[in-house]
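Fold and contact review
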Amino acid sequence: MTQPAPVLTHDLSGEVAFVTGASSGLGWRFATVLAAAGAKVAIAGRRLDRLEALAAEIRAAGGTAFPIQLDVADASTFEAAVDAAERELGLVTILINNAGIPDAQLATKMPLDLIDQVIDVDLRAPFVLAREVAKRLIAAKQPGRIVNIASMAAFDYNGNGAALYSTVKAGVVRLTEALAVEWARFHVNVNAIAPGAFRSEMMDGMLSRMGDITQYFPRKRLGEPHQLDSALLFLCSKQSDAVTGTVVRVDDGQGRR
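Now for a description of the structure that goes with this document. Numbering of residues starts from 1 in each chain and follows the order in which that chain's sequence is written. Given that this is a predicted model, residues contribute local features only at a pLDDT of at least 70 and side-chain atom pairs are listed and counted only at 80 or more, while totals for whole chains, interfaces and linings are drawn from all residues. Working from all heavy atoms in the structure, the side-chain values ignore hydrogens and water.

Stacked, edge-to-face and tilted labels apply to pairs of Phe, Tyr and Trp rings (six-membered ring for Trp) whose centres lie within 6.5 Å, assigned for plane angles under 30 degrees, over 60, and everything in between, in that order. One pass over the full model with this rule turns up zero aromatic pairs. When the ring centre of Phe155 is taken as origin, the NZ or CZ atom of Arg249, which lies over that ring, is 3.7 Å away. In this scheme, the term charge over a ring applies when either NZ of a lysine or CZ of an arginine sits within 6 Å of the ring centre and within 35 degrees of the ring normal.

Below is the structure:
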């Protein structure tokens, strides 16, 4: 029996991607990579001026981008944000749940409002937004890809701060696994990428509070955003058609002590 040829392309032409936390750091990189692969990209974040600059960069390179001002701490705005993306670009078929905030504090030192904010942004938002996108894909009987950005902190915590961040990222891993099971029959794949310490605006803020952490890593370096490109494109493309409920760890060996 002849077997079908393997899919060996990252071409995302015809896809519509929605990327949260796109105004800086890894989100900015993810949006440009998806656009370069042919996807139309809705770029969401709090800083509209930064989103406009990113949209201009993507358009100058020949891509399509639509900025949407969005604070993922307010889940009541998600329906309107996805509506706006659909009106401008079409049905969202790829969701990148990237927006997040760190805590970098001992559990006993965290004020209650910061605890609530970390949970809302890093765990509640990915769950609610994934639900919003998935229900539209299911209603349209269309396949889709949801990629949650977890963290190696979900698996490795040294006790020196960020206990809540570690906890909520473990929650992101579990919601990825659970939603993958629930939506598999609808051909909506749910996967996650768990980066180690990668260079970004958020990481710069953490380093200013925690000091140089690279001395504890086997390779004595931070990861660079482009080193996540291959994992992102694999999980967003047809190459990963049979992959769901999987967490791809990209940590440069940092969490394997």
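Its identity as a non-glycine residue notwithstanding, Lys141 has a phi of 55 degrees, on the positive side. Elements are defined by DSSP. Helices are runs of H or I of four residues or more, strands are runs of E of two residues or more, and each kind is numbered from the N terminus. Structurally, Lys141 can be placed in the loop between helix H4 (112-140) and strand E5 (144-149). The exposure class of Lys141 is exposed, given its relative accessible area of 75%. Within the chain, His187 stands out as a residue other than glycine whose phi angle is a positive 65 degrees. Inspection of the secondary structure puts His187 in the loop between helix H5 (163-183) and strand E6 (188-195). Per-residue accessibility, obtained with a 1.4 Å probe over protein chains only, is compared with the maximum for each type, and a residue is labelled buried under 20%, exposed over 50%, and partly exposed between these values. On the accessibility criterion, His187 (53% relative accessible area) is exposed.

Think of it this way: DSSP has to see at least two bridges between two strands before they count as a pair. Strand order in the open sheet made by the seven strands is E3-E2-E1-E4-E5-E6-E7, with parallel pairing throughout. Edge positions in the open sheet fall to strand E3 (64-69) and strand E7 (247-250), since each of these has one partner strand only. In this sheet, neighbouring strand axes are inclined to one another by 15 degrees on average, regardless of whether the strands run parallel or antiparallel. As judged from the four bridges shared by strand E1 (residues 16-19) and strand E2 (residues 40-45), these two strands associate in the parallel manner. Each bridged residue has a counterpart across the sheet, and for Ala17 the counterpart in E2 is Val41. Where H4 meets the sheet, it contacts E1, strand E4 (94-97), E5 and E6, and its direction lies at approximately 175 degrees from that of E4. Between two residues, a contact is recorded if the distance between any of their heavy atoms is within 4.5 Å. Axis definition: a line fitted to C-alpha atoms, limited for helices to the stretch in contact. Angles are taken between N-to-C directions and run from 0 to 180 degrees. Relative to the sheet, helix H7 (residues 229-236) contacts E4, E5, E6 and E7, its axis offset from that of E6 by approximately 170 degrees.

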